[in-house]
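If you want the building blocks of each chain, they are given just below.
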Amino acid sequence: MTLGVFGLVTAEFLPASLLTPVAADLGVTEGLAGQAVTATAVVALVTSLLIAAATRRIDRRLVLLAFSILLIASNLLVALAPSLPLLLLGRVLLGLAIGGFWTMSAATVMRLVPETLVPRALSMIFSGVSAATVVAAPLGSYLGGIVGWRSVFLLATGLGLMALAVQLVTLPRMAPSGLTRLRTLAEVLMRPRIGLGMISVVLVFTGHFAFFTYVRPFLEIVTGVGVSGVSGILLGFGVANFLGTLLGALMLERNMGLTLTVMPLVMGIAGLGLVGAGHAPFADSAMIALWGLAFGAVPVAWSTWITRTVPDEAESAGGLIVAAVQLAIATGAAAGGAIFDASGASGVFITGGVVLLLAALMILVGVRERSVAAAI
């Protein structure tokens, strides 16, 4: 499961580190090329809402293997795409895989390990996200400058093949455990504080992905660093993100509400600080690393929140959280692209920072730890 997450998230994050050469090769603007992220997110959003009901009678092992096959096909199509429409088609296939895999991940983990080991298993899966963050952005940027962005996606295809091979050997058969229907999503969403929590998720991830999708153009245009500088700064982001995952686990054990609130607050302050620092590579590097540290705790915190709040409908709740995240990714990338083309990278970072501060305020007021504790 962790290897599958690593492959999916690596493919999802690659456009952020390769946006400039992709746009140049296909003859489009960076803002238009950034819609590759939007296409993936929109499809993942729809998939996350429908997949549990659509596959409710199919062995979960077969469904998970199908997602890895889609990952391979997506990377291969993107690597060979001669035009933006075909590249977007490849990203649509990735959206199907991401939306489905993430929706079923928590529920699958609950079936693979004893109940007492579920938090540890979830941490292992999110370590795949952190590892992908470390690898995808800096290594993608570095290798893209040496062998070209298409070769980077071919390497990602190989990673998908590896994940599929391991899953074929290790995943057991898992008969469907329920008859989830579309109305179950509405029933879960109507539970106390779930709706407000989902809005908060959308705001946090919208702010983050507006930043992350356009971080390379910001570093090249505003900070003024070259490809090697971008790779080094993104490596710092990835390492900090990995450490943030560990930090988040420790903070969650002590105070979930504080963790949920502080992380977007730190991210928002860092985003606005980047714009204020301007042409200052060392200051920008530090603030991007701080952003990565804070964001590392975010997916773990919200995943823990939703699984504790809705333990009886893990797949449906997982679908809702994935839908909220993918809506945020689509919104962040699409709005970020429009803002980038209109007012540049600084405009994107200012908007993202404000959205994150608003998210922190909403979480502080409406998403409280005692509501989660009451649900456990």
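A quick note: this is a predicted structure, and the numbers were derived from the prediction, not measured.

Calculation criteria
- Residues numbered from 1 in each chain as written.
- Predicted model: local features only at pLDDT ≥ 70, side-chain atom pairs only at ≥ 80, totals over all residues.
- Heavy atoms only, no water.
- Helix = DSSP H or I, 4+ residues; strand = E, 2+ residues; numbered from the N terminus.
- Rg over C-alpha atoms; globule rule 2.2 N^0.38 Å.
- Buried < 20%, exposed > 50% of the residue type's maximum accessible area, 1.4 Å probe, protein only.
- Patch = residues over 30% accessible without salt bridge, like charges linked within 9 Å, V, L, I, M, F, W, Y side chains within 5 Å.
- Areas by Shrake-Rupley, 256 points an atom, 1.4 Å probe, with all protein chains shown as cover.
- Salt bridge = Lys/Arg side-chain N within 4 Å of Asp/Glu carboxyl O.
- Polar contact = N/O pair within 3.5 Å; in protein donor to acceptor, adjacent residues only side chain to side chain.
- pLDDT = per-residue confidence, 0-100.
- Contact = heavy atoms within 4.5 Å.
- Expected span 1.5 Å × (residues − 1).
- Bend = angle between axes of the 7 residues up to and from the residue.

### Remarks on the overall build of the protein
- A tally of helices and strands in the protein yields 15 helices and zero strands.
- Scaling as 2.2 N^0.38, a compact globule of 376 residues should have a C-alpha radius of gyration of about 21 Å, and the protein matches this with 19 Å.
- Based on the C-alpha atoms only, the size of the protein along its principal axes is roughly 50 × 45 × 30 Å.
- Within the protein, buried positions represent 56% of all 376 residues.

### A closer look at a nonpolar patch on the surface
- A surface patch of nonpolar side chains, amounting to about 430 Å² of accessible area, comprises Val 135, Leu 139, Tyr 142, Ile 146 and Val 147.
- Assignment of secondary structure puts Val 135 in helix H6 (residues 118–147).

### Some points on the environment of Gly 236
- One can find Gly 236 in helix H11 (residues 227–254).
- Look at Gly 236 and you get partly exposed, because its relative accessible area is 30%.
- C-alpha separation for the pair Gly 236 and Val 134, spaced 102 residues apart in sequence, amounts to 8.0 Å.

### As for the side chain of Thr 223
- As for its position among the elements, Thr 223 is in helix H10 (residues 215–223).
- Within the structure, Thr 223 has its side chain in polar contact with the side chain of Asp 284 (distance 2.6 Å).

### Let's talk about the confidence of the model for the protein
- Mean pLDDT over the protein works out to 84, with 94% of the residues at or above the 70 mark.
- Counting interchain partners and residues more than four positions distant, the pLDDT-below-50 stretch residues 369–376 has twelve contacts.

### So, helix H3 (residues 35–54)
- Between its first and last C-alpha atoms H3 spans 27 Å; for 20 residues at 1.5 Å apiece the expected length is 28 Å, and the two agree.
- Of all the bends in H3, the largest measures some 35 degrees and sits at Ser 48.
- Taking burial as the measure, the 20 residues of H3 include 14 buried ones, the bulk of the element.

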